[in-house]
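Below are the chains, spelled out letter by letter.
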Amino acid sequence: QRAVDDLSEAIKRAPDQVRFYSARGDAYEGLVDGEHALADHVRAIRLAPCPDAQGEGAGCGPLHAGIAAYLEGDDAQAISLYTKACEGGEMVGCSNLGRQAILKYKTPQDYANAVRYFSQSCDGGEPVGCYDLAQVYKIGNTAGNNPVKAAELFRKACDNGEMRGCNQLGLM
């Protein structure tokens, strides 16, 4: 919480600094506050304009555009952009597709798709995907309640820098 407070003060002094929003978004993620984390990351993206009209360049790919579309309530566009990101090797895009499936629709097929996307993300080296997949195994849903598998995935997420995985290990 201290990091969030300190970065909020820094943002008040220098509201155009991308790095402050990005860092505060990371701090919110550490507090498992996804809504504020996402808002700060999108703010950082919007403060760092794309170098060309095609939206190419650092921070301007389909993943970031998908996040912005999601925040603006355009789920269809977000899913399309997350799919493009995932197919292009951006494993966070795969995790975001899984989250969309679970958060928005909640049918058995959507849970199965979420497991597939989270697995792809985790297998692709993205610790957020491992964390998301662990949550599915912890809760049960279509993957079945499997605390051993959940702990293994939380460990993998933790070992690769996803602090929420470490937190969950401590709660198991």
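For the structure, check the block above.
A brief structural summary. (Residues numbered from 1 in each chain as written. Predicted model: local features only at pLDDT ≥ 70, side-chain atom pairs only at ≥ 80, totals over all residues. Heavy atoms only, no water.)

In terms of helices and strands, the chain carries 10 helices and zero strands. Sequence separation of 24 or more characterises 39% of the internal contacts of the chain that already satisfy a separation of 6 or more. A total accessible area of about 9,100 Å² is found for the chain, and carbon and sulfur atoms account for 52% of it. (Helix = DSSP H or I, 4+ residues; strand = E, 2+ residues; numbered from the N terminus. Contact = heavy atoms within 4.5 Å. Areas by Shrake-Rupley, 256 points an atom, 1.4 Å probe, with all protein chains shown as cover.)

Ile102, Phe118, Leu133 and Leu153 are the most contacted members of the largest nonpolar core, which totals 17 residues. Those elements that place two or more of their residues in this core are α6 (91–104), α7 (108–123), α8 (127–139) and α9 (147–159). When residues in this core are grouped by element, the largest group, six residues, is from α8. Apart from residues no more than four positions distant in its own chain, Leu153 is found in contact with Cys122, Cys130, Leu133, Ala134 and Tyr137. Of all hydrophobic cores here, the second largest spans 13 residues; its members include Leu81, Tyr82, Cys86 and Met91. (Core = buried A, V, L, I, M, F, W, Y, C linked by side-chain atoms within 4.5 Å. Buried < 20%, exposed > 50% of the residue type's maximum accessible area, 1.4 Å probe, protein only.)

With that settled, consider helix α2 (residues 18–30). Taking 1.5 Å per residue as the helical rise, α2 with its 13 residues ought to reach 18 Å, and the 19 Å between its terminal C-alpha atoms agrees with that figure. Buried-residue contacts for α2 involve α1 (2–13) and α3 (34–47). Backbone geometry just downstream of α2 places Val32 in the positive-phi region, at approximately 60 degrees. (Expected span 1.5 Å × (residues − 1).)

Across all of its chains, the model carries one aromatic pair by this definition. When the ring of Tyr131 is compared with that of Phe154, the centres are 5.7 Å apart and the planes differ by 50 degrees; the resulting orientation is tilted. Placement of Tyr131 in helix α8 and of Phe154 in helix α9 is noted, with a sequence separation of 23 residues between them. You'll find Tyr131 and Phe154 in the same group, each marked buried. Here Arg116 stacks its cationic end above the ring of Tyr117, 4.4 Å away from the centre of that ring. (Phe/Tyr/Trp six-rings, centres within 6.5 Å; stacked < 30°, edge-to-face > 60°. Lys NZ or Arg CZ within 6 Å of the ring centre and 35° of its normal.)

Now for the pattern of salt bridges. Per the stated rule, a full pass over the model turns up seven salt bridges. Salt-bridge contacts for Glu9 lead to Lys12; the nearest nitrogen and oxygen are separated by 3.3 Å. Taken together, the positions of Glu9 and Lys12, both in helix α1 and three residues apart, correspond to about one turn of that helix. Overall, the relative accessible area of 63% leaves Lys12 in the exposed class. We note a salt bridge from Arg24 to Asp40, for which the minimum N-O separation is 2.5 Å. Within this pair, whereas Arg24 is found in helix α2, its partner Asp40 is found in helix α3, the two being separated by 16 residues in sequence. Both residues of the pair, Arg24 and Asp40, count as buried. (Salt bridge = Lys/Arg side-chain N within 4 Å of Asp/Glu carboxyl O.)

It is worth spelling out the state of the cysteines at this point. Considering all chains together, one arrives at three disulfides under this definition. Residue Cys158 pairs covalently with Cys166 via a disulfide, S to S 1.9 Å. Between Cys158 and Cys166, the disulfide has an S-S torsion of 95 degrees and is therefore right-handed. On the basis of relative accessibility, which here comes to 21%, the residue Cys166 falls in the partly exposed class. (Disulfide = S-S within 2.5 Å.)

A separate point is the packing of α8 against helix α10 (residues 163–171). Between α8 and α10, the shortest axis-to-axis distance is 9 Å and the interhelical angle comes to 30 degrees. Relative to α10, the element α8 is oriented roughly parallel. For the pair α8 and α10, the contacting residues are Val128, Tyr131, Gln135 and Lys138 in the first and Arg164, Gly165 and Gln168 in the second. Considering only residue class, the contact of α8 with α10 consists of two nonpolar, three polar and two charged. (Axes fitted to C-alpha atoms, helices over the stretch in contact; angles between N-to-C directions. Parallel < 35°, antiparallel > 145°, perpendicular 65-115°, else oblique. Nonpolar A, V, L, I, M, F, W, Y, C, P; charged D, E, K, R; others polar.)

These values are about where atoms sit, not about what they do.
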